[in-house]
Every structure is written in structure tokens, then in C-alpha cells.
Amino acid sequence: MPTNPWTGGDAMRWLIDGYNVIRRDADLRAQEAESLEAGRTALLRLVARVARAGGDRFTIVFDGAPASRPAPAGGQLEVIFSRPPEKADDVLARLARQLGAGSAVVTSDRAVRDAAGRAGCAVIGAEQFLEALSAESEPRGIYGRPPTDEGDLTDPATTDKDELADPARKSGNPRRLSKDARAAERALRRLRGP
């Protein structure tokens, strides 16, 4: 497996929920509004740039078969279309189980996130992935996890003080990110570069 020049470690395999990511970004949504193919092509270009810069492999999964196949984006990039009745979510969950630890799944879909987490993959929200690609800012909130109804522990306005004070609720260092969150942060650092 190729070595990643930014981390010195083995290449990581990224599994990306294509339409889920497209619909989380205004520019990509605008491209998709023109046509599904335009939206897919815009996402492929964005990911191909990162794939060429590092040694990681990226697999973008979309629902259904396209009318025409998009041109290869170059680099370490693969595109998979689910075949009905299977959905992209099913393909992502299956690939996550096959690849397990050492891979990262990018989606904001709860069922896919849960399946990937059970498989040992780093789980990254679509928004955090897009932020890391743009390198404009650090991810917000708990890395790799979208804010929940329980509050974001990094945002004092949404944190329940009693929740943090209850030792039966969580053991260990309350300031340390969870194992899953640390894995997601390591994966995101690979995208941001040196």
C-alpha cells in the first residue's frame, strides 16, 4: 500500500456517500440543480484534487446507474453506482464491513454512520469532510459526529452542566475526545495536509 506523504503512514481508504456530500454544500448543490451528472462531476473534481496530492484511495458511492459514465477523475479515485434494489447506503455499509479499521466513511446519514462505526471505520460527517477539503477552518463541535440533541460538549451554550458532572454517565478524562472522535480527527488531518 502507498505511504501517505503527510502522515508517513499507510494510505487510507475513504468511502464517500456521494449525494449526501453534494447536498451538504451550496456550490455542489447548485451544480446538481443543473443535472445529476454536473453535481457528480463537481464532487469528483473536488475529491480528485486531494487524491492526487496524497496517497489515499477514495471511493465515491452514488445511488443508481448514470445515463452516461462520468470520466475518470484521475488519482486514486473510484466511482461506484449501486444497482437497484440495493441503495448507496447498502453499498457503503457493506464496504465498511469489508474494510474495517484503517478506512474512513464520509456521510451524515445516521444508519450508514452507525454501520461504519460498528465496522471499526473512522466516521466523518459530510460537513467536516467538506471543511477539511477546503482547509478554510477547523471542524466544529465533536469531531466526526454531528451535534446531537444531547448537546455539543465543545459548545458551552448547549452543554448540560449536570451531564458533565455525573460520574456514572461517563468515566475517564472528560476533556479527551472519544476513541471514535480521535480516529475521525486523524483522518481529517490527512486531508488538511502538513
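Scroll up to find the structure this text is about.
In short, a report on the structure. (Residues numbered from 1 in each chain as written. Predicted model: local features only at pLDDT ≥ 70, side-chain atom pairs only at ≥ 80, totals over all residues. Heavy atoms only, no water.)

**What to know about the pattern of salt bridges**
Between side chains of opposite charge, a pair can form when the charged atoms approach closely. Throughout the structure, instances matching the rule amount to four salt bridges. Of the charged contacts in the structure, one is a salt bridge between E127 and R24, with a shortest N-O distance of 3.0 Å. One end of the pair, E127, is in helix α6 (residues 126–134); the other, R24, is in the loop between α1 (18–22) and α2 (26–34), and 103 residues separate them in sequence. Look at E127 and you get partly exposed, because its relative accessible area is 30%. Judged by its relative accessible area of 34%, R24 is partly exposed. Two residues, R94 and E86, come together in a salt bridge whose shortest N-O distance is 3.4 Å. In this structure R94 comes out as partly exposed when scored by relative accessible area, which is 31%. (Salt bridge = Lys/Arg side-chain N within 4 Å of Asp/Glu carboxyl O. Helix = DSSP H or I, 4+ residues; strand = E, 2+ residues; numbered from the N terminus. Buried < 20%, exposed > 50% of the residue type's maximum accessible area, 1.4 Å probe, protein only.)

**Here we look at the environment of V61**
As for its placement among the helices and strands, V61 is situated in strand β2 (residues 57–62). By relative accessible area, which is 0% here, V61 ends up buried. Residues V61 and K87, 26 residues apart in the sequence, show an inter-C-alpha distance of 9.4 Å. Those residues within four positions of V61 in sequence are excluded, and the remaining contacts are I16, D17, G18, Y19, I80, A88, V91, L92 and L95. (Contact = heavy atoms within 4.5 Å.)

**Concerning the pairing of strand β4 (residues 103–106)**
Here β4 shows two buried faces, one formed by S103 and V105 and the other by A104 and V106. Sheet analysis places strand β1 (residues 13–17) next to β4, joined by four bridges and oriented parallel. Among the inter-strand pairings, W14 is bridged to a residue of β4, identified as A104. Handedness of the crossover is the feature at issue here: the chain leaves β4, passes through helix α5 (residues 110–118), returns alongside strand β5 (residues 122–124), and the resulting connection is right-handed. (Pairing = 2+ DSSP bridges. Right-handed = clockwise from strand over helix to strand, strands pointing away.)

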